Amino acid sequence: MRWRLWLLMAPALALLLAIFAAPLLHYLWLSTQAQSVLTGLQPQPIGAQQWLRLWNDGRFWQDTWQTLRFSAASVSLEMLLGLAVALLLNQPLRGRGVLRTISLLPWALPTTVMALGWRWIFNDPYGPISRLLAGLELPAIPFLSNPALTWMATVGADTWKTTPFVALLLLAGLQTIPADLYEAAALEGATPWQTLRRITLPLLTPYLLIALLFRLAQALGVFDLIQVLTGGGPAGSTESLALYAYLNAMRFLDFGYSATLLLGSFAILLILCGAGAVIWRWSLRWQGGLR
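For the structure given in this document, a descriptive report is provided here. (Residues numbered from 1 in each chain as written. Predicted model: local features only at pLDDT ≥ 70, side-chain atom pairs only at ≥ 80, totals over all residues. Heavy atoms only, no water.)

**What about the packing of aromatic side chains?**
Step number 1: Going through the model one piece at a time under the given rule, you end up with nine aromatic pairs.
Step number 2: Arranged with centres 5.5 Å apart and planes meeting at 90 degrees, the rings of Trp 55 and Trp 61 form a pair that is edge-to-face.
Step number 3: Trp 61 gets classed as partly exposed once you look at its relative accessible area, which sits at 39%.
Step number 4: Their ring planes at 45 degrees and their centres at 5.2 Å tell us that Trp 107 and Phe 165 sit as a pair that is tilted. Of the two residues, Trp 107 sits in helix H5 (residues 105-108) while Phe 165 sits in helix H8 (residues 147-175), which places them 58 residues apart along the sequence.
Step number 5: According to the relative accessible area criterion, Trp 107 is partly exposed, its value standing at 34%.
Step number 6: Among the aromatic side chains, those forming a connected cluster through ring pairs are Trp 118, Phe 122, Phe 143 and Trp 160.
Step number 7: One Lys or Arg, Arg 53, reaches over the ring of Tyr 257 and ends 3.7 Å from the middle of that ring. (Phe/Tyr/Trp six-rings, centres within 6.5 Å; stacked < 30°, edge-to-face > 60°. Buried < 20%, exposed > 50% of the residue type's maximum accessible area, 1.4 Å probe, protein only. Helix = DSSP H or I, 4+ residues; strand = E, 2+ residues; numbered from the N terminus. Lys NZ or Arg CZ within 6 Å of the ring centre and 35° of its normal.)

**Examining the nonpolar core**
Step number 1: Ranked by size, the top nonpolar core spans 34 residues in total, and within it Phe 70, Leu 170, Leu 225 and Leu 229 carry the most contacts.
Step number 2: It is H8 that contributes the most residues to this core, nine residues altogether.
Step number 3: Residues contacting Leu 225, with those up to four places away along its chain left out, are Phe 70, Thr 111, Met 114, Ala 115, Thr 154, Ala 157, Asp 158 and Thr 230. (Core = buried A, V, L, I, M, F, W, Y, C linked by side-chain atoms within 4.5 Å. Contact = heavy atoms within 4.5 Å.)

**Overview of the side chain of Ser 258**
Step number 1: Take Ser 258: it is sitting in helix H13 (residues 255-290).
Step number 2: Judged by its relative accessible area of 5%, Ser 258 falls in the buried class.

**Focus: a nonpolar patch on the surface**
Step number 1: A contiguous nonpolar surface patch, about 950 Å² in accessible area, is contributed by Leu 5, Trp 6, Leu 8, Met 9, Leu 13, Leu 15, Leu 16, Ile 19 and Phe 20.
Step number 2: By the element assignment, Leu 13 lies in helix H1 (residues 2-30).
Step number 3: For Leu 13, a relative accessible area of 34% corresponds to the partly exposed category. (Patch = residues over 30% accessible without salt bridge, like charges linked within 9 Å, V, L, I, M, F, W, Y side chains within 5 Å. Areas by Shrake-Rupley, 256 points an atom, 1.4 Å probe, with all protein chains shown as cover. Salt bridge = Lys/Arg side-chain N within 4 Å of Asp/Glu carboxyl O.)

Set out below in structure tokens:
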């Protein structure tokens with residue numbers, strides 16, 4: 001029976017090897033090579049020198065911290081807001097189907113288009129926020145020139161874009177919870193908060209963790225939003241790991257070090273997703289114990 005399962009999974013595994021493992025092996029090989037304009041774009045073996053360079057690269061560690069901070073802030077907001085939106089859209093409201101469709105529009109927009117829109121909104125002095133403040137005779141807010149405000153702007157734009165994705169996943173989870181549980185809780189006199197804490201959240205935990213893993217992986221690899229909205233500025237204060245790797249490859253033509261940066265980012269992602277998977281398994285066992 002086991003060999004039949006492997007036989008059925010063979011096409012999917014072969015596809016994964018083709019689109020994932022092969023490029024990863026190529027990056028591993030490239031991280032041991034010096035391939036840049038200094039070598040005439042020809043790979044030359046240098047052993048682990050690229051990894052030593054990565055370890056001593058202050059810009060890499062700065063971008064790592066900035067990427068982790070951005071991911072933690074945006075994903076936390078998206079999980080909270082996504083849960084609130086999912087709970088609202090799960091209610092028997094008039095026009096619920098229309099509301100569900102409208103709520104997905106930010107997620108349906110291409111990230112580049114969305115980032116250009118937010119760049120115009122935050123523009124000083126021609127954006128709508130600056131014009132509104134000028135009409136009220138208030139000072140303009142430098143959203144895209146002050147490092148702290150620019151970071152908040154990127155988090156806000158990403159939250160607006162991807163909260164509907166989280167809400168969609170959680171809404172699917174809410175649909176699987178039997179209505180009988182809520183009826184029984186109402187008969188027992190449970191408050192809405194008690195129902196949320198004792199029924200909804202425990203049964204929604206697997207969907208929350210799936211949404212968390214998906215969004216964490218996407219946030220750690222953020223590129224197009226940062227590239228279009230801020231370009232990594234001001235003064236590199238919003239530069240992400242993916243943008244740093246892109247700059248090394250496409251602007252500095254240092255392909256060996258760019259591959260090393262990507263592998264370093266991938267290692268960080270594996271560690272965080274591995275921790276999330278452990279928490280997921282623990283939550284499933286905890287739910288099994290409750291049953």
